[in-house]
Amino acid sequence: MLRITDILDKTQDYLSPEEQEMIEKAYIFSASVHQGQVRLSGEPYLTHPMEVAGILSDMKLDASTIISGLLHDTVEDTLATINQIREGFGKDVAFLVEGLTKISKITFGSQEERQAENFRKMMLAMSSDIRILLVRLADRIHNMRTLSFQPPSRQQYIAKETIELYAPLANRLGINWMKVEMEDLSFQYLHSEAYLGLARRVAQSREKRDQYTEEVKGVIRAELERFELKGEVDGRAKHFFSIYKKMEEQHLQFDEVYDLIAFRVILESDQEKSCYEALSVVHALWKPVPGRFKDYIAMPKANNYRSLHTTVIGPHGQRVEIQIRTRAMHEWAEEGIAAHWRYKEKQYSRGDDAEQIKRLRELLESQQELKNPREFMSNLKMALFPDEVYVFTPDGDVKSFPRGATPIDYAYSIHTDVGNQCIGAKVNRNIVPLKYQLQNGDAVEILTQSGHHPSKDWLKYAVTSRARSKIKNWIKTEERTKSIDLGKDMLDKEFKRHHLKFGSFAKSNEFKKILEEYELNSLEDLLASVGYGKLSPRHVVRLLLPEETVKGEDVPAEKPKKKAPSVSAPGISLTGVEDVMVRYAKCCEPIPGDEIIGFISRGRGITIHTTQCPHIHEFDSERLIDVHWSIKEKQNYPVGMRVICRDKKGLLAELSAVISVLDINISHAEIDTRQHDMQAICEFKLDVMDLDQFNEVVAALKKLNSVISVERVAGA
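Since the structure is predicted, the reported quantities are computational estimates derived from the model, not experimental observations.

Novice: Got a sec to walk through the overall build of the protein? Specific residues and values, please.
Specialist: Within the protein one finds 26 helices and 22 strands. The buried share among the 716 residues of the protein stands at 50%. Of the contacts made within the protein by residues no fewer than 6 positions apart, 66% connect residues no fewer than 24 positions apart.

Here it is in structure tokens:
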């Protein structure tokens, strides 16, 4: 267990005695309020804030940040109050601790809502002071290191949240070591078999790899000395998750991944030109691989990462990846924004992180209009997308976008009105379609027309969260107007059937009760709900009119409550919707075990999608409703699977045998062979009972030597 003396030893070189005294005081306070609390590991709870503070002191952060690490759980998990923190440790620490305290006293309808609000609160606080995020990242790192003590379901949830949100946030701030550790720890729990297999293969090839590493380092070092370039050469195996990602994306076996080692040349000179000199030395030694050179010095990444990357054909014909940077660039590459919170002469060096805070603030502002928690989280993940392209404005300025961005994203980055009125774009002086994907170095110009409006199809091409949220807002406003008009017409017709006017009931007490019961704020909300299909006109009439006035209707004497619906698809439970047809979407083919959501279609009932369905982002969030699996009797559900294998005789029989042993029916099979790489792509349609059974098939197939990858696909 880390001791307070360890933390004080780490900080004595850069903190004053008074600040160290405050850290010790915070330790005593934290120990007293957490007394008696234990973690799932059985250790005293105090070990957690101590480890968080230890990580922050390793990063050489200021006293307030380290104190906040010691106190970050006190307000949430003990009887301590923010006022106590303020009185004992000052306004700065109180502000940080308050920003770190999760939303624990508010009741939410779902885990997703709680997660969204916690992140929204953290992002808001972080935009004022980046140290809040640094403490939260240190907190998550230690929680991931001790994740083995959590039950399997929590392990999966926390690991998924870490790899989708916290690791990209660390990457956004340029803190590479945190990103790498979070990805590898998450990979260990999300794909445990693949992780163990990869770890075993890497360990087996270690001796040979170490010899090769020393050989390459020696050659580079000698050549740099010959040209009087001072610096160090480092070589290490790439982290597991990056190897796994490459194998999955390129359908490679482990033996086919040649660039397992990444070499770094870290130069003592602070001048950028020394990096280019070192690059010319490396390229004179070994032939560069075409298209594999990247200059992040001339055009830094969005997180301010600067370095030269090249891949060459090294000794023995193996591909070697080499990164070249100065010492200052390396410090930023590893520690990112944290490097600029070093305590220097009692002043914070904040100038260099102003751009980072500005970018994160912009990211947050684009999420402000989103009320739906699912939409907020989806857009946040998209906004943290790591790969970027750099394009030029007509004035010669550089703008960065996620890879895959289109002129639509560019247009909305200028102004909402420019985006809404966009009719086309010129790239490098040539007119391109709006679905054109921007490339590095493109010069972009947007063409607009007054009175033009966004199209729903734009959501298929827009990548940035800002563009998507602006398009959705415009569509939502249009859809709502249409739904209000449609809802009014439908209610007018239903009331006329009973020789009554709907308008005369709109101000009645019964009407106000309906609004309260269905959590609606106004008449327009009710009309929109009817127009969307969330409420039927007949149901509204039943709620408003006494039994005797509803002619020809068999209505109960008491006002009916929201009842369980009659649905056509078994295994689905809905809330607040009555008498509705339910069907499963073919675009994503949900099966029990998937997280699901319902989409209300006018005249076609409710379609059930998985929450990961790519089409969900295109839907109006007003028409999305919560649905749940409610399985009473076992039944089979269709699911598609794609298996990529090494082509050989008897392949189909081998795959079919594995699937049949698990008592799973194959309703359709299709095989396509590729001569150029001797691979076979096998697509199956299986009948499974749930996600667990599907995962069982995947695990069994992956054990076959001929199988390269297995993935779930829709519509196979």
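Novice: Give a detailed account of helix H22 (residues 509–517), specifying residues and quantitative values.
Specialist: Taken together, the buried positions of H22 are occupied by Phe 511, Ile 514 and Leu 515. The buried side chains of H22 occupy one side of the element, clustering within an arc of 100° when seen end-on. Exposed and facing more than 90 degrees away from the buried side of H22 are Asn 509 and Glu 516. Against helix H23 (523–532) and helix H24 (537–544) lie the buried residues of H22. Positive phi shows up at Glu 519, right after H22, with a value of about 55°.

Novice: I'd like a description of the packing of aromatic side chains, backed by residues and values.
Specialist: Using the criterion set out here, one finds 11 aromatic pairs in the structure. For the pair Tyr 195 and Phe 240, a centre-to-centre distance of 5.4 Å together with 65° between the ring planes defines the contact as edge-to-face. Here Phe 240 lies in helix H14 (residues 240–250) and Tyr 195 lies in helix H12 (residues 192–204), a separation of 45 residues in the sequence. Just as Tyr 195 is buried, Phe 240 falls in that class too. Taken together, the aromatic side chains of Phe 187, Tyr 195, Phe 240, Phe 241 and Tyr 244 make up a single cluster linked through ring pairs.

Novice: So, the packing of H12 against H14: which residues are in play, and what are the values?
Specialist: At a minimum axis distance of 11 Å, the contact between H12 and H14 shows a crossing angle of 105°. Considering the angle they form, H12 stands roughly perpendicular to H14. In this structure, H12 uses Ala 194, Tyr 195, Leu 198, Ala 199 and Val 202 to contact H14, whose residues at the interface are Phe 240, Ile 243, Tyr 244 and Met 247. Residues that form the contact of H12 with H14 fall into these classes: nine nonpolar, no polar and no charged.

Novice: Pulling in residues and values, what's your account of the confidence of the model for the protein?
Specialist: Put simply, the protein has an average pLDDT of 81, and 84% of its residues get 70 or more. The low-confidence segment residues 551–568, where pLDDT is below 50, has 36 contacts with residues more than four positions distant or belonging to other chains.

Novice: Can you break down the pairing of strand E19 (residues 637–646) residue by residue, with the values?
Specialist: With seven of 10 residues buried, E19 lies mostly within the body of the structure. One ladder, built from 10 bridges, connects E19 with strand E21 (residues 679–688); its direction is antiparallel. Opposite Met 641, over in E21, you have Phe 684 as the bridge partner. Where E19 lies against strand E22 (residues 707–713), six bridges are found, and the strand directions are antiparallel. The residue bridging Met 641 from the neighbouring strand is Arg 712, located in E22.

Novice: Give a detailed account of the sheet that holds strand E13 (residues 444–448), specifying residues and quantitative values.
Specialist: Taking strand neighbours across the sheet as the criterion, the three strands line up as E12-E11-E13 in an open arrangement whose pairing is antiparallel. This sheet does not close on itself; its edge strands, each paired only once, are strand E12 (430–432) and E13. Averaged over all neighbouring strand pairs, the angle between strand axes comes to 35°, with direction disregarded. Pairing of strand E11 (residues 422–427) with E12 involves three bridges; the strand directions are antiparallel.

Novice: For the environment of Glu 268, give the residues involved together with the corresponding values.
Specialist: Its place among the elements puts Glu 268 in the loop between strand E2 (261–267) and helix H15 (273–285). Under the relative-accessibility criterion, Glu 268 is labelled partly exposed at 44%. Not counting the four nearest positions on each side in its chain, Glu 268 is found in contact with Lys 230, Gly 231 and Arg 327. In this structure the side chain of Glu 268 is engaged in a polar contact, spanning 3.1 Å, whose partner is the side chain of Arg 327.

Novice: Account for the environment of His 617, with residues named and values stated.
Specialist: Of note, His 617 is situated in the loop between strand E17 (605–610) and strand E18 (624–629). Placed 158 residues apart in sequence, His 617 and Leu 459 show a C-alpha to C-alpha distance of 7.5 Å.

Novice: So what's going on with the side chain of Asp 73? Which residues, and what values?
Specialist: Note on placement: Asp 73 falls in the loop between helix H4 (63–71) and helix H5 (74–77). With near-sequence residues (within four places) excluded, Asp 73 lies in contact with His 34, Tyr 45, His 48 and Thr 78.

Criteria and cut-off values
Residues numbered from 1 in each chain as written. Predicted model: local features only at pLDDT ≥ 70, side-chain atom pairs only at ≥ 80, totals over all residues. Heavy atoms only, no water. Helix = DSSP H or I, 4+ residues; strand = E, 2+ residues; numbered from the N terminus. Buried < 20%, exposed > 50% of the residue type's maximum accessible area, 1.4 Å probe, protein only. Contact = heavy atoms within 4.5 Å. Arc of directions from axis to C-beta. Phe/Tyr/Trp six-rings, centres within 6.5 Å; stacked < 30°, edge-to-face > 60°. Axes fitted to C-alpha atoms, helices over the stretch in contact; angles between N-to-C directions. Parallel < 35°, antiparallel > 145°, perpendicular 65-115°, else oblique. Nonpolar A, V, L, I, M, F, W, Y, C, P; charged D, E, K, R; others polar. pLDDT = per-residue confidence, 0-100. Pairing = 2+ DSSP bridges. Polar contact = N/O pair within 3.5 Å; in protein donor to acceptor, adjacent residues only side chain to side chain.

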